[in-house]
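Commentary on secondary and tertiary structure
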Amino acid sequence: MAAQIFLVAPRNAEASSFPDLLGKVLAAAPVAALLLPNGAASPQAYARLVRSVVPVAQASDCAVLVDGLPDEVKKLGADGVHLQGAVEEVREVAERLRPDSIVGAGDIHSRHDAMVRGEADVDYVFFGAIEGPADPQARELAEWWAETFEIPAVLAPDAADMAELARTPVEFIALGDIVWSAEVGPDIAIAEIARQLGVS
């Protein structure tokens, strides 16, 4: 079964313009989930962004995940939260929010990191960097996880060879800058990536 697309929004996304761009991207290819990085924007600006994106994404059956703000999930109408914190936080949030909301965990640098977060009863384990330099060991860890455990793996790959990545056993491929910075435009880029991955 082909991996699904897990989209990571640009850190500088703004409520005034990003929803329109997102709508074009979601019309071009199926996307399972969208993570909105909580960057340098104020809490008020981030809340406006989430609220502006939620109806656009959910209309395309794309779940919206807030970044590190479990208490804001329901307030903002989002579908879940992505956590990069300590396993104790991950466990507490999972106990509190699941199964009504999605809870995912990142900051994985070893098999031990993955296993302790998986034991916290999360909905997915994220391997690799949300942004910035790629983690060269992420793919090996993600594939080991996908072949061993039932909790889905999300892989932020360190290479752009999507046709080769189509053979990976991981359940989700995280896409960020490769989509948003594409010269052909994000909608055309994601359509081609989806074709290479075999996503339909």
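Preceding this paragraph is the structure being described.
Quick caveat: nothing in here was measured; it's all calculated off a predicted structure.

For the protein, the helix and strand inventory stands at nine helices and eight strands. Over its C-alpha atoms the protein spans a radius of gyration of 16 Å, differing by no more than 12% from the 16 Å that the globule rule assigns to 200 residues. Counting all 200 residues of the protein, 50% fall into the buried class. Put simply, of all contacts in the protein between residues at least 6 apart along the chain, 58% involve residues at least 24 apart.

Quick look at helix α4 (residues 87-97) now. Considered for burial, the residues of α4 that qualify are V87, V90, V93, A94 and L97. Across the axial projection of α4, the buried residues extend over an arc of 125 degrees, all falling on one side. Looking at α4, the residues exposed on the side facing more than 90 degrees away from the buried face are E88 and E95. Against the buried residues of α4 lie α3 (73-76), β4 (80-83), β5 (102-105) and α5 (111-118).

With that out of the way, let us pick up the pattern of salt bridges. Enumeration according to the criterion identifies nine salt bridges in this entry. Salt-bridge contacts for R139 lead to E143; the nearest nitrogen and oxygen are separated by 2.7 Å. Of this pair, R139 and E143 are both found in helix α6 (residues 138-148), four residues apart, which corresponds to roughly one turn of the helix. Between E164 and R139 there is a salt bridge, and its shortest N-O distance comes to 2.6 Å. One end of the pair, E164, is in helix α7 (residues 162-165); the other, R139, is in helix α6, and 25 residues separate them in sequence. Using a relative accessible area of 28% as the deciding quantity, one classes E164 as partly exposed. Three or more residues joined by partner-sharing salt bridges are found here, namely D71, E92 and R96.

Let us look at the sheet that holds strand β2 (residues 33-36). Around the barrel, eight strands lie side by side as β1-β2-β3-β4-β5-β6-β7-β8; this closed barrel has parallel pairing. For this sheet the average axis-to-axis angle between neighbouring strands, irrespective of direction, equals 25 degrees. As judged from the four bridges shared by strand β1 (residues 4-8) and strand β8 (residues 172-175), these two strands associate in the parallel manner. When the bridges of β8 are listed, Q4 appears paired with F172.

Two aromatic rings, taken as a pair, are described by how far apart their centres are and by the angle between their planes. According to the stated counting rule, one finds seven aromatic pairs in the structure shown. Centre to centre, the rings of F127 and W145 are 6.3 Å apart; their planes meet at 50 degrees, and the pair counts as tilted. Residue F127 is found in strand β6 (residues 124-127), and its partner W145 is found in helix α6; the two are separated by 18 residues along the sequence. Residue W145 is classed as buried on the basis of its relative accessible area of 1%. Every member of this aromatic cluster is reached through a ring pair, and the members are F127, W144, W145 and F149.

Basis of the calculations
Every residue gets a number counted from 1 within its own chain, in the order that chain's sequence is written. In keeping with the predicted nature of the model, local features appear solely for residues at pLDDT of at least 70, side-chain atom pairs appear and are counted solely at 80 or more, and the whole-chain, interface and lining totals rest on all residues. No hydrogens and no water enter the side-chain calculation; it runs on all heavy atoms of the structure. Helix and strand assignments come from DSSP, with helices taken as H or I runs of at least 4 residues and strands as E runs of at least 2, each series counted from the N terminus. This radius of gyration counts C-alpha atoms alone. The globule rule is 2.2 Å times how many residues there are, raised to the power 0.38. Only protein chains enter the calculation, and the probe is 1.4 Å; a residue is then buried if its accessible area is under 20% of its type maximum, exposed if over 50%, and partly exposed in between. In this description, contact between two residues means that some pair of their heavy atoms is separated by no more than 4.5 Å. The arc in question is formed by the directions pointing from the helix axis toward the C-beta atoms. We count a salt bridge whenever a side-chain nitrogen from Lys or Arg sits within 4 Å of a carboxyl oxygen from Asp or Glu. Two strands are counted as paired when DSSP detects at least two bridges linking them. Orientation is described by lines fitted to C-alpha atoms, with helices fitted over the stretch in contact, and by angles between N-to-C directions that extend from 0 to 180 degrees. Each Phe, Tyr or Trp ring, with Trp reduced to its six-membered ring, pairs with another whose centre is within 6.5 Å; inter-plane angles below 30 degrees give stacked pairs, above 60 give edge-to-face pairs, and intermediate values give tilted ones.

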